[in-house]
Amino acid sequence: MTDSSEPPTCDAADGQPHQRVPLLALFRVGGLDDEDRTRLHATGAHAAESGTPLHEVIDAHLRAQCQASRPAAGPEAPVTPAHVVRLVRDVAVALTEGYESAHRAAIRREKETRHAFIDELLRGPGDLGRMAEQAHRIGFQLTGPHRVAVARAKTPFTAVEPGTRYVNEAMSARRYELGCLVTAKDGLLVCVAGGSGPAACEAFAEAVTRSAVRHPLIAVSRPRPGANGVVRSFREALETLELADRLALPRRVIHAADLLVFQVLGRDRAAITDLVATVLGGLEQARGGPGPLLRTLTAYFDSGCAHTVTARRLGLSVRAVTYRLARIRTLTGYDPALPDERYTLQTAALGARLLNWPSRPLQPVD
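Residues numbered from 1 in each chain as written. Predicted model: local features only at pLDDT ≥ 70, side-chain atom pairs only at ≥ 80, totals over all residues. Heavy atoms only, no water.

Participant: Which residues make up the packing of helix 11 (residues 291–302) against helix 14 (residues 339–355), and what values do they have?
Facilitator: The N-to-C vectors of helix 11 and helix 14 enclose an angle of 115 degrees; their axes lie 10 Å apart at closest approach. As helix 11 runs across helix 14, the sense of the crossing is left-handed. Residues Leu294, Leu297, Thr298 and Phe301 of helix 11 pack against Arg342, Leu345, Gln346, Ala349, Ala352 and Arg353 of helix 14. (Axes fitted to C-alpha atoms, helices over the stretch in contact; angles between N-to-C directions. Helix = DSSP H or I, 4+ residues; strand = E, 2+ residues; numbered from the N terminus. Left-handed = near helix turned anticlockwise from the far one by under 90°. Contact = heavy atoms within 4.5 Å.)

This is how it looks when you write it as structure tokens:
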């Protein structure tokens, strides 16, 4: 920036000095022309790129202009206060426009850099050295553990969607030492948080829930180390979303750790299909199909095998629950009251939820 004691010059975007025209001369030629505005616009842009505060740019420029402007004797028309105000306004506006234009361009470049970095990170890191450099530039800790949270809503998330902007602003207002990145990807909103703690992902889930999006569902992965761990955590969060759909879970926030048993069961589809068919297949002989008895069995296990709690959850009498459990024992050959047989029944019931049986017929798997 030019000091007020130096000759009044202006550094343009090309780095070349330009002689400022004294204010009185500008008054006499009719004010700023296109060349003056271009020069001032470049000055403001250069100040923004160098990190100089805008008020300092305007103050220094007007001080230099005032020193360069000296009343001269002659027949020229006098300068009125209106002329002064108008010209000062034009100078300030031109400087501000250049400054803000450069500032907006810098913000756009940073957003594009962050988006490209997250997209590459979620696909799988290529050049780790280059990615580490990019991570440092945007303030993200690439080493160490990371969690990934994925949100889905009735309306797909996009970069310009109001819910996306709300969550981005809410997360930007918080400061996370290891970094936190949020981006819209394939209609989902993804949060990559550094560290093994759940605080950032919990804040992300809270922000999504408070936003204007309808019917949000958020899945949170377990922490995993390194850049490759981000990819695995992202895939786990996607799988958790899918499982939550298939199980029709009522909660808005689902942690992958809570569904580990379903993930284990789902890895061997042939075995779990065979288990459901073998253990629960007899329920198809019940009047009204297997649905009512299977719902009773699930509620019984969810209630800690308490008849009273099960009856309250299902809106039945305790006698009706006892009768249904007896029918289950008769049709399956497994007694829910016996610990060993209860475990087999409960595992089969979990498998039925995973396979969406009996709504969807069992498909033989070779």
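Participant: Tell me what's going on with the side chain of His146, and back it up with residues and numbers.
Facilitator: Inspection of the secondary structure assignment puts His146 in strand 3 (residues 145–152). Taking the relative accessible area as the measure of exposure, His146 reaches 0% and is therefore buried. A polar atom in the side chain of His146 sits 3.1 Å from the backbone oxygen of Gly144. Sequence-distant contacts of His146, defined by excluding residues within four places in its chain, comprise Phe140, Gln141, Ala193, Gly194, Gly195, Arg222, Pro223, Arg224, Gly226, Val230 and Ser233. (Buried < 20%, exposed > 50% of the residue type's maximum accessible area, 1.4 Å probe, protein only. Polar contact = N/O pair within 3.5 Å; in protein donor to acceptor, adjacent residues only side chain to side chain.)

Participant: Could you give an account of unusual backbone geometry, naming the residues involved and the relevant values?
Facilitator: Following Trp357, the chain continues to Pro358 via a peptide bond in cis, the omega torsion being 15 degrees. Looking at the secondary structure, you find Pro358 in the segment after helix 14. Phi is positive for Asp186, which is not a glycine, with a value near 55 degrees. By relative accessible area, Asp186 is classed as exposed at 72%.

Participant: Please provide a residue-by-residue account of the layout of surface pockets, values included.
Facilitator: The gaps of empty space that remain are located by a probe, the size of a water molecule, rolled over the atoms. Each pocket or cavity is described by its volume, and for the largest pocket that value is around 910 Å³. Of all the secondary structure elements, the ones that give two or more residues to the lining of the largest pocket are helix 4 (81–123), helix 6 (162–172) and strand 4 (180–185). A breakdown of the residues in the lining of the largest pocket according to their chemical character gives 12 nonpolar, eight polar and seven charged. Of the voids in this model, the second largest pocket is the one considered here, and its volume is about 380 Å³. In terms of lining residues, the second largest pocket is bounded by 16 residues, among which Leu294, Arg295, Thr298, Arg353 and Trp357 are the most central. For the lining of the second largest pocket, the elements supplying multiple residues, two or more each, are helix 8 (226–247), helix 11 and helix 14. (1 Å grid on protein atoms, 1.4 Å probe; cavity = no way out; pocket = protein on both sides within 12 Å on 5 of 7 lines; lining within 4 Å. Points joined across faces, edges and corners; volume = space filled by probe spheres on them. Nonpolar A, V, L, I, M, F, W, Y, C, P; charged D, E, K, R; others polar.)

Participant: Give me the lowdown on the pairing of strand 5 (residues 188–194), citing residues and values where you can.
Facilitator: Taking burial as the measure, the seven residues of strand 5 include seven buried ones, the bulk of the element. The two faces of strand 5 match: Leu188, Val190, Val192 and Gly194 on one face and Leu189, Cys191 and Ala193 on the other face are all buried. Sheet topology places strand 4 next to strand 5; six bridges connect them, and they run antiparallel. Bridge pairing links Cys180 to Ala193 in strand 5. Taken together, strand 4 and the strand that follows it, strand 5, pair antiparallel across an intervening segment of two residues, in which Asp186 is found at a positive phi of about 55 degrees. (Pairing = 2+ DSSP bridges.)

Participant: Can you break down the packing of aromatic side chains residue by residue, with the values?
Facilitator: All told, the structure shown has two aromatic pairs when counted by the stated rule. Seen from their ring centres, Phe117 and Phe140 are 6.2 Å apart, and the 65 degrees between their planes marks the pair as edge-to-face. You can see Phe117 sitting in helix 4 and its partner Phe140 sitting in the loop between helix 5 (128–137) and strand 3, a full 23 residues away along the chain. Their ring planes at 55 degrees and their centres at 5.8 Å tell us that Tyr300 and Phe301 sit as a pair that is tilted. (Phe/Tyr/Trp six-rings, centres within 6.5 Å; stacked < 30°, edge-to-face > 60°.)

Participant: How would you explain the pattern of salt bridges if you had to name every residue and give the values?
Facilitator: Per the stated rule, a full pass over the model turns up eight salt bridges. Residue Arg222 pairs with Glu236 through a salt bridge whose shortest N-O separation is 2.6 Å. With Arg222 in the loop between strand 6 (217–220) and strand 7 (224–225) and Glu236 in helix 8, this residue pair connects regions lying 14 residues apart in the sequence. Relative accessible area serves as the criterion here: at 28%, Arg222 is assigned to the partly exposed category. (Salt bridge = Lys/Arg side-chain N within 4 Å of Asp/Glu carboxyl O.)

Participant: Explain the nonpolar core residue by residue, including any values.
Facilitator: If you look at the biggest cluster of nonpolar residues, it comprises 54 residues, and the most contacted ones within it are Phe117, Leu121, Phe140, Leu142, Val150, Val192 and Leu280. Broken down by element, the residue count for this core peaks at eight residues, all from helix 8. Those residues in contact with Val192, other than ones at most four positions away along the chain, are Leu121, Leu122, Phe140, Arg147, Val148, Gly179, Cys180, Leu181 and Val230. By size, the runner-up hydrophobic cluster in this structure holds 22 residues, among which are Phe157, Val182, Ala205 and Val208. (Core = buried A, V, L, I, M, F, W, Y, C linked by side-chain atoms within 4.5 Å.)

By themselves, these figures tell us nothing about what the structure is for.
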